[in-house]
Each structure stands twice: as structure tokens, then as C-alpha cells.
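# Notes for the structure review
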Amino acid sequence: MTYYFTKTITMPFEQAIDYVTAALAAKGFGVLTTIDVKATMKKKLDVDMPAYTILGACNPQFAYKALQNENKIGTMLPCNVVVQDIVDGEVEVSAVNPEASMMAVTNAALAAN
């Protein structure tokens, strides 16, 4: 089992960020954090890299249920979604596979939810 899901979409990078954010919202997820990795690497290491943004997504209902059953589950939240520029007009979107990441948590109450 792979630890992530990925899909390539064809659109400009900034439009892809908006598209992914809207798609997450349609499924009940909000974006709590936005990390511009490209800008951070330039600032901290003075290196150039393609556009790469991490969106910290959270579904409050799922998170609340999980926190009620496992108070350390916050170490795995929010769910990260990576949006990265592959080539002009091609953007790859990757998200953590929740089943794969939850394999590390041995709490049967989480599996029931």
C-alpha cells in the first residue's frame, strides 16, 4: 500500500492551488495552513526549486471524532496535500493515504469511525 495518492492536472500552478482548495472544501475539508516550500527554501537555503506548496487540510468532524478516541492523533493532523509544478501547465497533486498513515495507530476505536 502506497502512503499517498497522486494525480496530475493541467492548469497554471496558482489556479491549481485554488482548484484543490475548492475541491477539498467540497468534501468538507478546510485548509488550515499553506506552506510555500519554494519560497522557504529560497529564503533559508538560497536554493531554487519548482513551485511546491503544502496545504494542511482538515475536516473538523473527522478530526473531532478522532481526537475523542485518540488524544495523540493530533500528531498526524492536519492531512497534508502537496501541490507541485511538474512542467509548464502540468501540476501534480498528492495527498496522504489515510489508511496507510493510520496503520501506525493501534486503536480499534479509530477504525470503527
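Residues numbered from 1 in each chain as written. Predicted model: local features only at pLDDT ≥ 70, side-chain atom pairs only at ≥ 80, totals over all residues. Heavy atoms only, no water.

## Examining the overall build of the protein
A tally of helices and strands in the protein yields five helices and five strands. The secondary structure elements of the protein, listed N-terminal to C-terminal, are β-α-β-α-β-α-β-β-α-α. Dimensions of the protein along its principal axes, counting C-alpha atoms only, are 45 × 30 × 25 Å. Counting all 113 residues of the protein, 27% fall into the buried class. Taking contacts inside the protein between residues at least 6 apart in sequence as the whole, the part at least 24 apart equals 68%. Of the roughly 7,700 Å² of accessible surface on the protein, 59% is carried by carbon and sulfur atoms. Within the protein, the 11 negative side-chain charges are centred at a point lying 9 Å from the centre of the 8 positive side-chain charges. (Helix = DSSP H or I, 4+ residues; strand = E, 2+ residues; numbered from the N terminus. Buried < 20%, exposed > 50% of the residue type's maximum accessible area, 1.4 Å probe, protein only. Contact = heavy atoms within 4.5 Å. Areas by Shrake-Rupley, 256 points an atom, 1.4 Å probe, with all protein chains shown as cover. Lys, Arg positive; Asp, Glu negative; His and termini not counted. Charge placed at Lys NZ, Arg CZ, Asp CG, Glu CD.)

## Observations concerning the sheet that holds strand 1 (residues 4-10)
Here we have five strands laid out as an open sheet, ordered 1-5-4-3-2, and antiparallel in their pairing. The two strands at the open ends of the sheet, each matched to only one other strand, are strand 1 and strand 2 (30-36). Pairs of neighbouring strands in the sheet enclose a mean axial angle of 20°, with direction left out of account. Pairing of strand 3 (residues 52-58) with strand 4 (residues 79-87) involves six bridges; the strand directions are antiparallel. Paired with Thr53 across the strands is Val83, a residue of strand 4. Across the sheet, helix 1 (residues 13-26) touches strand 1, strand 2, strand 3, strand 4 and strand 5 (90-96), and the angle it forms with strand 4 is around 150°. Sitting on the sheet, helix 2 (residues 37-45) is in contact with strand 2 and strand 3, with an inclination near 35° to strand 2. (Pairing = 2+ DSSP bridges. Axes fitted to C-alpha atoms, helices over the stretch in contact; angles between N-to-C directions.)

## Re the packing of aromatic side chains
Tallied over the full model, the rule gives two aromatic pairs. Note on Tyr3 and Tyr4: the rings are 4.9 Å apart at their centroids and 75° apart in plane angle, and the pair reads as edge-to-face. Its relative accessible area of 35% is what places Tyr4 among the partly exposed residues. Look at Phe29 and Phe62: their rings are 6.2 Å apart centre to centre, the planes differ by 65°, and that puts the pair in the edge-to-face class. Taken together, the residues Phe29 in the loop between helix 1 and strand 2 and Phe62 in helix 3 (residues 60-69) connect sequence positions 33 residues apart. Its relative accessible area of 22% is what places Phe29 among the partly exposed residues. (Phe/Tyr/Trp six-rings, centres within 6.5 Å; stacked < 30°, edge-to-face > 60°.)

## Describing the environment of Val87
Tracing the backbone shows Val87 in strand 4. Looking at Val87, the relative accessible area reads 48%, which means it is partly exposed. Along the sequence, Val87 and Ala51 sit 36 residues apart, while their C-alpha atoms lie 10.0 Å from each other.

## Here we look at the pattern of salt bridges
Following the criterion strictly, the structure yields two salt bridges and no others. In this structure, Lys42 and Asp46 form a salt bridge, with 3.1 Å as the shortest nitrogen-oxygen distance. Under the relative-accessibility criterion, Lys42 is labelled partly exposed at 36%. What emerges from the salt-bridge pattern is a single network uniting Lys42, Asp46 and Asp48. (Salt bridge = Lys/Arg side-chain N within 4 Å of Asp/Glu carboxyl O.)

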